[in-house]
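Residues per chain are reported as follows:
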Amino acid sequence: MTMTAEEQTVEGQHSMMEGEDITPKKDGGVLKLLKREGTCAELPLIADKVYVHYVGTLLDGTQFDSSREREEQFSFELGKGQVIKAWDIGVATMKVGELAQFICKPEYAYGSAGSPPKIPPNATLVFEVELFSFHGEDVTEDQDGGIIRRVMTRGQGYSKPNEGSAVEVTVQGTFNGRVFDDREMKFEVGDGESLGLPVGAEKAIMAMEQGEEAIFNIKPKYGFGKEGNAKHNIPDGETIQYRIKLTAFEKAKESWEMNTAEKLEQSSVVKEKGTQYFKEGKYKKASVQYKRIVSWLEHESSLSGEEETKAKALKLAAHLNLAMCYLKLQEPNQALESCDKALEMDGSNEKALFRRGEALYGMKEFERAKEDFQRVLQLYPANKAAKSQVVLCQKQIKEQREKDKRIYANMFQKFAERDLKKEEKQKGDSKENGDTEMEVENTEKDVEA
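Below or above, wherever it landed, is the structure these notes cover. (Residues numbered from 1 in each chain as written. Predicted model: local features only at pLDDT ≥ 70, side-chain atom pairs only at ≥ 80, totals over all residues. Heavy atoms only, no water.)

**Section: the overall build of the protein chain**
Then step 1. Of the regular secondary structure elements, the protein chain holds 11 helices and 13 strands.
Then step 2. Within the protein chain, buried positions represent 40% of all 449 residues. (Helix = DSSP H or I, 4+ residues; strand = E, 2+ residues; numbered from the N terminus. Buried < 20%, exposed > 50% of the residue type's maximum accessible area, 1.4 Å probe, protein only.)

Rendered as structure tokens:
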């Protein structure tokens, strides 16, 4: 007996409703029908970027959207609420290459509002989805792919640790499947490197929420670099992996959360921390500490006489130490900027003038560098290093002038040769024109004859 179109629709709906219930609540809100198996065992995780093709229809078969017709894959970050609930639930169950159909009840789709004009209120939707690829989330500031996160367990809230936060973590470092670091730790963010954690692991922690557990693939730039790690038997230039669980943390106070007394107290603490990093040759980490002092005290206005004196001393020291860090890191432009700020506070400061001279020397501004070193000698005649630097600057200036003379001499010679060639060309052109005129004249005579 032949079924009517209405009966066929009902039968099709009944068939679809026999799919697997994949909702956490098991309330039948999202049913999955597998149409083609995937090609690998791994599933996408929370925050992974996934790439899919999809076709969306109503229960009666009316199509309302299709990425295939646009010939462009659709991408989104899984589990972050960028799509309807059914998609976050459904795509998380898929493997690369898999093709599946999801039947989504209104509460997991567009609800009682629908999405006019194509999707009516309280509509159950059907999506055919194909998963092509997925990859973890890049948590680096520069988005250079150096630290990729794969979230195993979602954290709570939106707050994340900042520099100076007290954190409790469980870490497990692996290389080629071999565990080289496995421990529970309590420390302040910023101190991890001194405890044997690579800088990438600390950056990873600062991207996490409380209770989150995630795997981070860390490239050499953020791992153990070109030197590798002999203690853990990790060769140079290798990517490592850290599995981290952020059990708890107490966020360090931001500038606006501290009163003047707290800012001064914390500035003294981080100054000592920065000095320790500097002595250990960790100039980048030291600079982070000195920058915190500047950020806390630079615009502090409600200071008493004693507080103002202490704040000025801390700010001056921070600028001078920052300059020294930047010189060690071979960043003379930034060293120059820090010296200028120090000299705004104390125009005859010996260290500020000397370090600015060094910064200018590094920028090949030898004349200006010499002026700073000479200024140091005028104010502090006993400074032998400044005297040596003046001699070096004079030598560089002399070499630069001789080099310029050679360049200009060659330039003038080239100009002279070019002018000579032009002159000879013009003479040649004149002679050719004269010969042509004579030929024309002779021809005319012949014609007349």
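Next comes the rest of the description.
**Quick look at helix H5 (residues 260-279)**
Then step 1. Here H5 contains 20 residues, and its C-alpha end-to-end distance of 29 Å stays within 8% of the 28 Å for a straight helix at 1.5 Å per residue.
Then step 2. If you follow the buried residues of H5, they end up packed against strand E11 (178-188), helix H6 (283-297) and helix H7 (305-328).
Then step 3. Where H5 begins, the capping side chain belongs to Asn259, and its oxygen is found 3.2 Å from the backbone nitrogen of Ala261. (Expected span 1.5 Å × (residues − 1). Contact = heavy atoms within 4.5 Å. Polar contact = N/O pair within 3.5 Å; in protein donor to acceptor, adjacent residues only side chain to side chain.)

**Thoughts on the nonpolar core**
Then step 1. Residues Tyr290, Ile293, Leu297 and Phe373 are the most contacted members of the largest nonpolar core, which totals 33 residues.
Then step 2. At the level of elements, H5, H6, H7, helix H8 (332-345), helix H9 (350-362), helix H10 (366-379) and helix H11 (384-448) are the ones that each hand at least two residues to this core.
Then step 3. A per-element tally of this core places H7 first, with eight residues.
Then step 4. Beyond its immediate sequence surroundings of up to four residues, Ile293 is in contact with Ser267, Val270, Lys271, Leu314 and Ala318. (Core = buried A, V, L, I, M, F, W, Y, C linked by side-chain atoms within 4.5 Å.)

**Description of the packing of aromatic side chains**
Ring pairs (aromatic) are described by centroid distance and by the angle formed between their planes.
Then step 1. Counting across every chain of the model gives 13 aromatic pairs.
Then step 2. Considering the side-chain rings of Phe180 and Phe224, the 6.1 Å spacing of their centres and the 65° angle between planes classify their relative orientation as edge-to-face. Residue Phe180 is located in strand E11, and its partner Phe224 is located in the loop between strand E12 (213-218) and strand E13 (240-250); the two are separated by 44 residues in the primary sequence.
Then step 3. Ring-pair connections join several aromatic residues into one group, and the members of that group are Tyr54, Phe64, Phe74, Phe76, Trp87 and Phe127. (Phe/Tyr/Trp six-rings, centres within 6.5 Å; stacked < 30°, edge-to-face > 60°.)

**Brief notes about the environment of Arg36**
Then step 1. For Arg36, the location among the structural elements is in strand E2 (residues 30-36).
Then step 2. Beyond its immediate chain neighbours, meaning those up to four positions away, Arg36 contacts Gly97, Glu98, Leu99 and Glu130.
Then step 3. In this structure the side chain of Arg36 is engaged in a polar contact, spanning 2.9 Å, whose partner is the backbone oxygen of Gly97.
Then step 4. A polar side-chain atom of Arg36 sits 2.7 Å from a polar atom in the side chain of Glu130.

**Focus on the sheet that holds E13**
Then step 1. Read from one edge to the other, the open sheet built from six strands follows the order E8-E9-E12-E13-E10-E11, with strand pairing classed as antiparallel. On the outer flanks of this sheet lie strand E8 (137-138) and E11, each paired with one strand and no other. (Pairing = 2+ DSSP bridges.)

**Considering the pattern of salt bridges**
Then step 1. All chains considered together, the criterion is met by 27 salt bridges.
Then step 2. Across the salt bridge formed by Asp191 and Lys273, the nearest N and O atoms sit 3.8 Å from each other. Within this pair, whereas Asp191 is found in the loop between E11 and helix H4 (199-205), its partner Lys273 is found in helix H5, the two being separated by 82 residues in sequence.
Then step 3. Residues Glu202 and Lys285 are paired through a salt bridge, measuring 3.1 Å at the closest nitrogen-oxygen approach. Taken as a pair, Glu202 in helix H4 and Lys285 in helix H6 lie far apart in primary sequence, 83 residues in all.
Then step 4. Judged by relative accessible area, Glu202 falls into the buried class, the value being 4%.
Then step 5. Several salt bridges share partner residues, and in doing so they unite Glu77, Lys80, Glu137, Arg149 and Glu212 into one network. (Salt bridge = Lys/Arg side-chain N within 4 Å of Asp/Glu carboxyl O.)

**Re the pairing of E2**
Then step 1. As judged from the two bridges shared by strand E1 (residues 20-21) and E2, these two strands associate in the antiparallel manner. In the strand pairing of E2, Glu20 is matched with Lys32.
Then step 2. Where E2 meets strand E6 (residues 99-104), six bridges bridge the pair, whose relative direction is antiparallel. Residue pairing across strands places Leu34 opposite Ala100, the latter belonging to E6.

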